[in-house]
Amino acid sequence: MQFNRDELLGAYRRMKVIREFEERLHEEIKTGEIAGFTHLYAGQEAVAVGICDQLTVEDMIVSTHRGHGHCIAKGCDVKGMMKEIFGRAGGLCKGRGGSMHIADLDVGMLGANGIVGGGAPQAVGAAIAARIDGKGRVGIAFSGDGACNQGTTFEAMNLAVVTKVPAIFVFENNHYSEHTGDAYAVGTNKDIASRAEGFGMKAWRANGCDFFETYTAFAELLEYVRAGNGPAAIELDTERYYGHFEGDPQRYRGKGEIDRIRAERDCLKAFRAKVVGAALLTDDDLDKVDAEVIAQIEEAVAEARADELPDPATVADDVYVEYY
Amino acid sequence: MAIMNIREAIVSTLHAEMERDSDIILLGEDVVGGNGTAGGPEAIGGIWGTSPGLWEKFGPERVIDTPISESAIIGAAAGAALAGKRPVAELMFADFVGVSLDQIWNQMAKFRYMFGGKTKCPAVVRLVYGAGMSTAAQHSQSVYAMLTAMPGLKVVLPTTPADAKGLLTEALRGDDPVMYFEHKTLYGVKGEVPEGDYRQRFGEARVVREGGDVTVIACGRMVSFSEKAADKLAADGIGMDLLDLRTTSPLDEDAILESVEQTGRLVVVDETPPRCSLAADICAMVAQRAFSSLKAPPQMVTAPHSPIPFARNLERAWVPSPQKVEEAVRRVLAFR
Ligand SMILES: Cc1ncc(C[n+]2csc(CCOP(=O)(O)OP(=O)(O)O)c2C)c(N)n1
Ligand SMILES: [Mg+2]
């Protein structure tokens, strides 16, 4: 794969925005100002960006409870997201949805989902629509190693195969569903891609902590699906840096595990090492991006904090479409 | 009597009952916790902390961590019950009843009737429900009304540690499928719990207050909200009969009617939208059976007809408040 300078800087920036967004939330949540459950995506950035960088705004994704990374990579407004998570009126969903329910149909982000396994069938529906529309769009479901055990995911895979629609199943295996390990809960010897193969789909496997490996594998997959070959799947081996949700004591982690994955499986570090090593970008180029992103997130937090609370009188608005 | 909170009452009852009856099994997501990880199992004992120590004591055949597969969890509980066991299945959030509804609605609720009374399905489903923690539209719902509407299921909602023990014990000793609702904001509620064998019959409402001027019916978190309203009203000399339903199926119709016949004024408080709600059901029952006793139209204090919002201030606006209960009581008393 060949990347020009702008593509490389853009990919790095998007991954850094996700990382900084999440690391900042990790701090902000400690203040008690942010309500509800927040599931951080830090560690998995190369998956969201490696995939969404190849999509157009017309392609449609459905996400999970751990959706901030997918949202940012697909082009959701970062300030609008921050306001949503802070429960503010200016949030992308007016403070009604919160971290687990961010959506922006205008950028092809059909919604994060609080129901594990809730999304995969919807991606098949999006793919059915896409095929009828005939513009070469695809429907993509992001699912975790936990969601791959849900009946809805199985049904969605089979439906996609029998209808031969352009649906893509992205399995982000971060090795945990809440406190339970994939070694216990995924019966197919920890191998999720083989399930997709079992349903009759072509499946890819890649290192989800490496942007270039993820990108390259997904490029092949996307070409295959866009060419009208029906659905396909990819399993990405990745890591979650924080607890399942903020506040999780993570007693299920092995000793030193977080230090190890931060040291050895950091997609931002790996990206930097590769592009600087190949003299495509310099450390200064990337440091400059880092500084800009930190300022961007700082501003998003300040604006979120300053934004108004939603008006309680609107609590039962938006339940139905208004007709008259 | 021991002092403990609702969480501790549930944990100790599960321990005691599993000790007593080797047919009782427990299954659910992370009810052990840590399986397949370097940290190892028994790390948490459920994300709500309602099953610690059970896996260690009763082993992996009786305490089963499941993958995220609610249909299979509830379906397996239904099958194990038909096969002679007494399963306790946990839904980490009651909202996930949506994922597993067929196994509850078309399966366990109907076995006994469909099979001509020949079978029993002694399964207990524990559902963690309720708003109040900003867990938004898919993790906050009080789905007891729709399960109450389903013939074949029993529905219980403890609000005190004593009832948590008494109702869970009753559920585990009975032979019908029981939906055992645990409000996520009530786990820390403390109180006295009787020692030893302690059962609370289903269909017996708890008299929380006797005041004589107005009847307030509530369940779950709405009981304590109604008590707050009662305190305010008492300062103005208004006395509230407050009933905690304890179980919505069976429903203690007699206790409701008896109180309304004396007060003539009814307020029902319900943590759900109003349409086809428990509140609507009770108002209809009273209108039909105690019409001549009524001195004012019954009032329902419910959430609005909308999903549950995320933002703290929106969620507070959605959940019925003590103030709304107080206002409703004043309305029924002012009616001429
Ligand atoms: C239907 C349903 N069951 C259970 C849950 C509770 N829950 C939320 S996230 C989660 C684990 C999901 O694991 P995975 O799919 O691997 O995603 P990850 O958290 O690792 O991103 C569970 C059990 C839920 N939200 N929905
Ligand atoms: Mg996972």
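Please refer to the structure higher up on the page.
As the structure is a prediction and not an experimental result, all values here were calculated from the model.

Asks: I'd like to hear about the coordination of the magnesium ion (ligand 2), residue by residue, with values.
Replies: All names here are of chain A. Around the magnesium ion (ligand 2), the protein contributes the donor atoms Asp-145 (OD), Asn-174 (OD1) and Tyr-176 (O), at 2.1 Å from the metal centre. Sequence positions of the donors to the magnesium ion (ligand 2) reduce to the motif D-x28-N-x1-Y. By the burial criterion, Asn-174 is buried, and Tyr-176 matches it.

Asks: Quick rundown of unusual backbone geometry? Include the residues and the values.
Replies: That bond from Ser249(B) to Pro250(B) is cis: its omega, 0°, falls within 30 degrees of zero. Take Pro250(B): it is sitting in the loop between strand E12 (247-249) and helix H9 (253-263). In this model, Lys164(A) sits at a positive phi of 55°, which is unusual for a non-glycine residue. Among the secondary structure elements, Lys164(A) is positioned in the loop between helix H6 (151-163) and strand E3 (167-173). Accessibility expressed as a relative area gives 57% for Lys164(A), which makes it exposed.

Asks: Would you mind going over empty space enclosed by the protein in detail, with residue names and values included?
Replies: Evaluated as defined, the whole model comprises two cavities of 30 Å³ or more. Volume-wise, the largest cavity comes out at about 570 Å³. Lining of the largest cavity is provided by 47 residues; of these, His65(A), Val116(A), Ala147(A), His244(A) and Ile68(B) occupy positions nearest its centre. Of all elements in the fold, only strand E2 (139-144) and strand E4 (176-177) of chain A reach the threshold of two or more residues within the lining of the largest cavity. Taken together, the residues of the lining of the largest cavity break down into 19 nonpolar, 21 polar and seven charged. What lines the second largest cavity is Gly36(A), Phe37(A), Gly97(A), Gly98(A), Ser99(A), Met100(A), Ser134(B), Thr135(B), Ala136(B) and Phe310(B). Here the residues of the lining of the second largest cavity are counted per class, giving four nonpolar, six polar and no charged.

Asks: So what's going on with the interface of chain A and chain B? Residues and values would help.
Replies: At the interface, 47 residues of chain A touch 41 residues of chain B. Around 3300 Å² of area is buried between chain A and chain B when both sides are counted, 63% of it from carbon and sulfur atoms. Joining chain A to chain B, the criterion identifies zero salt bridges. Counting across the chain A and chain B interface gives 18 residue pairs in polar contact (both at pLDDT 80 or more).

Analysis parameters
Residues numbered from 1 in each chain as written. Chains lettered and ligands numbered in written order. Predicted model: local features only at pLDDT ≥ 70, side-chain atom pairs only at ≥ 80, totals over all residues. Heavy atoms only, no water. Donors = N, O, S within 2.8 Å, 3.2 Å for Na, K, Ca; no water. Buried < 20%, exposed > 50% of the residue type's maximum accessible area, 1.4 Å probe, protein only. Helix = DSSP H or I, 4+ residues; strand = E, 2+ residues; numbered from the N terminus. 1 Å grid on protein atoms, 1.4 Å probe; cavity = no way out; pocket = protein on both sides within 12 Å on 5 of 7 lines; lining within 4 Å. Points joined across faces, edges and corners; volume = space filled by probe spheres on them. Nonpolar A, V, L, I, M, F, W, Y, C, P; charged D, E, K, R; others polar. Contact = heavy atoms within 4.5 Å. Buried area = accessible area lost by both parts, 1.4 Å probe. Salt bridge = Lys/Arg side-chain N within 4 Å of Asp/Glu carboxyl O. Polar contact = N/O pair within 3.5 Å; in protein donor to acceptor, adjacent residues only side chain to side chain.

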